[in-house]
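Listed below, chain by chain, are the residues.
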Amino acid sequence: MSVQFEMASGAAILTFNNPPLNVVGKALRVGLAEALERAVAAGAERIILTGAGQNFAAGADAKEFDHPAQPPHLNDVLASLVMLPIPTIAAIHGAALGGGLEIALACRYRIATSDAMLGLPEVTLGIIPGAGGTQRLPRLIGLKAALDLIWQGRRISGAEALALGAIDAVSDDPLAAAKALGNDVLGKALNPDFRPAPTADPEAVASALAQAKKRAFGQIAPPLAIQMIADSASQTIETALLRERQIFLELRASDQARALRHVFFAERSAQSQGKSYPAPKRDINAAIVVGGGTMGAAIAYTLALVGIAVTVVETDTAGQSRAKANVTGLIAQGVARGTLTQARADAVTARINFTIGYTDLPPVDLAIEAAFENMAVKQTIFAALQAALPETTILASNTSYLDVNIIAQGISTPGRFLGLHFFAPAHIMKLLEIVKATQTASKTLAATFGLAKRLGKIPVLAGVCDGFIGNRILTRYRQAADLELLNGAQPKDVDQIMQKFGMAMGPYLAQDMSGLDIAYANRQRQNLRHRTDLRYVTIADTLVEDLKRLGCKTNAGWYDYDAGEAKPSARVAACIAAASAKAGILPQASRLEDIAERLMLAMISEAVAILDEGIAARPQDIDLVMVHGYGFPRWRGGLMHYADSLGPTLLVERLERLTAKDPLSWSVPPLLRKLAHDGRSIDSLNHPGAKP
């Protein structure tokens, strides 16, 4: 049964039993409605709601959102719960999220463990709470606190919930505590519906709207959630609950909600990939990181945060000092931001050691190379690691672009080698590209998928090509943007329209922040300037070679920088004009929307080629890479989901028009043409066993 019923000493105990998360799907809603009626009929003196297993109830069944809402609706069930003449108590452990927390909010009294996890994260799925969350929570904790939790989808512990007033008590055993509650306490307890409306707080509402506009740009749900919370101070709860439900139903059928659900399920699928490999014989408990620069230090810090002992290897005393400073700085930042207690910071510090050279290295489970992007340098490092470490040690390169099969050539047991491409900053970015070399063993992949889960990363399996999945698409994106400059656009035009589209940052501002010299070195390695199969734009090379503009670190890149503020550069504009003239192109005005379309077409085209080549196994993997690694708007569902919103047929038509005008820069991927011919979506390739 989805809801188990038990009578004990006059108490009706209703236990949600939909393992492992007790999600609030139709079966559970039906079971709850029936159990409430049964409790009343049995003459129960109190009703206690709790969850089986490790959770109370971790939200709605999001899979139901792709279909029309089915009765009984949760808001109707909770309306009945609120009106019961019997005291109702929520005994919370584990997760009480979304609809699960809304059930608890509809009770008269709430008890939770101190480490329970409570929240209304609906906005992260493109909807708002639809069963009273925007109205009942403000009546318990006030308008400002409710705004802070709901529009951001923030989760809090039981201890914090008690401090805010969202629950009434904390207990190690909430069910036992609920049974023991005195009638005097329960007699004074009121459902939020019968409590006074929260005091209006226009300043808090205005602040939340301003933050949402900045941090949730382009998203529909956050401002609507904020408005509903604001209305709790002025509207009757009956009116507001009806309006809340109406908005919830409208949003759950929206394109944004579908896109966000797509990313949500893609993340869950990615995190479960490790189950398809043999279980690792042991966890990774000790690691070596070669190189203590910005990336290496962040990787070492990330590993140490989850309890892994780390040895950072440098080449000399100066390098060792820089590595120590980099790691110490990250730990200090964690303490300053409140993400690390001083005790945990001390423990992380104790787990990280520093050494020079490869003699007397400890026998570790994993060694990650995070050195300069140079093939000879990396091969030298792995030769030294192979000589110094046991054959059981997994060897991994953090390379962003280089061919991991070539790096692996000197390794006598290549099954233990692979690429682990962390994204900067490694301790914050959730994406981890796991690059499978030709001979990488299944047990090696299993261990690294397990590591990704432990680190809280989103793992995506990638094949071998220049730049793997993300950086290969990024390269094509930048090439297409440079073509727009030749045709008359300025960096600011391109950046503004891509930010309007929803990208976290435009391509030129992003290059300035990462450093123009990094992309320049990669172009030189690829020898793009001398290739005849593509149109190569030399503007970025000129900025580096002739003008020595390397981005923010030189206060001059695609933009000029004054006190950190990016401003359009006359020198860059002149460089662009000269490049256009040399190419024989007469710059023409172009609608910004057309620029965005062409840049998206370029990325989609490259991504489809990556699928066709097997570099990415599924379109949803590309979506995760772009969302978590490159700032693609989550609310658009990722690059491939967005491509499907246009459809293969329309994409082929638009690419054909561009190809007819400039066949050196554009083409139609064969796979995309095949999907259009067959009437299939790109998403069809996500399904098990699907073939192009």
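What you see is a predicted model, and the numbers here were worked out from it, not measured in a lab. (Residues numbered from 1 in each chain as written. Predicted model: local features only at pLDDT ≥ 70, side-chain atom pairs only at ≥ 80, totals over all residues. Heavy atoms only, no water.)

### What about the side chain of S2?
Part 1 of the argument: Within the element layout of this structure, S2 appears in the segment before β1 (3-8).
Part 2 of the argument: Engagement of the side chain of S2 in a polar contact is seen with the backbone oxygen of A27, the distance being 2.8 Å.
Part 3 of the argument: Those residues within four positions of S2 in sequence are excluded, and the remaining contacts are T15, F16, N17, N18, A27, L28 and G31. (Helix = DSSP H or I, 4+ residues; strand = E, 2+ residues; numbered from the N terminus. Polar contact = N/O pair within 3.5 Å; in protein donor to acceptor, adjacent residues only side chain to side chain. Contact = heavy atoms within 4.5 Å.)

### Focus on the nonpolar core
Part 1 of the argument: Counting residues in each nonpolar core, the largest one holds 95 residues, and the members touching the most others are L385, I469, M498, W558, I622, L639 and M640.
Part 2 of the argument: Take this core: its biggest share by element is 12 residues, from helix α25 (residues 592-613).
Part 3 of the argument: Aside from chain neighbours lying at most four places away, what touches I469 is E433, V460, L461, A462, I610, I615, A616, I622 and V625.
Part 4 of the argument: Within the second largest apolar cluster, 72 residues are counted, among which are F5, L101, L105 and A112. (Core = buried A, V, L, I, M, F, W, Y, C linked by side-chain atoms within 4.5 Å. Buried < 20%, exposed > 50% of the residue type's maximum accessible area, 1.4 Å probe, protein only.)

### Looking at unusual backbone geometry
Part 1 of the argument: With an omega of 0°, the peptide bond running from P19 to P20 counts as cis.
Part 2 of the argument: With respect to the helices and strands, the residue P20 is situated in the loop between β2 (11-16) and α1 (26-41).
Part 3 of the argument: Note the cis peptide between P71 and P72, where omega equals 0°.
Part 4 of the argument: Here P72 lies in the loop between β4 (57-58) and α2 (74-82).
Part 5 of the argument: Positioned with a positive phi, N555 is a non-glycine residue whose angle comes to about 60°.
Part 6 of the argument: Note that N555 resides in the loop between α23 (539-545) and β19 (559-562).
Part 7 of the argument: A relative accessible area of 46% means that N555 is categorised as partly exposed.

### A closer look at the pairing of β1
Part 1 of the argument: Where β1 and β2 come together, six bridges link them in antiparallel fashion. Looking at the pairing, V3 lines up with F16 of β2.
Part 2 of the argument: In this antiparallel pair of consecutive strands, β1 and β2, the connection spans two residues, and S9 shows a positive phi of 50°. (Pairing = 2+ DSSP bridges.)

### Notes on helix α21 (residues 507-514)
Part 1 of the argument: For α21, the complete set of buried residues consists of P507, Y508, Q511 and D512. Axial view of α21: buried residues confined to an arc of 140°, hence all on one face.
Part 2 of the argument: Among the structural elements, α19 (470-486), α20 (491-501), α22 (516-526) and β19 are those in contact with the buried residues of α21.
Part 3 of the argument: With its phi angle positive at about 110°, G515 sits one or two positions after the end of α21. (Arc of directions from axis to C-beta.)

### So, the sheet that holds strand β13 (residues 352-356)
Part 1 of the argument: With mixed pairing, the eight strands of this open sheet are ordered in space as β13-β12-β11-β14-β15-β16-β17-β18. Looking along the sheet, the strands with just one partner apiece sit at the ends: β13 and β18 (458-462). If you compare each strand with its neighbour and ignore which way they point, the axes differ by 25° on average. (Axes fitted to C-alpha atoms, helices over the stretch in contact; angles between N-to-C directions.)

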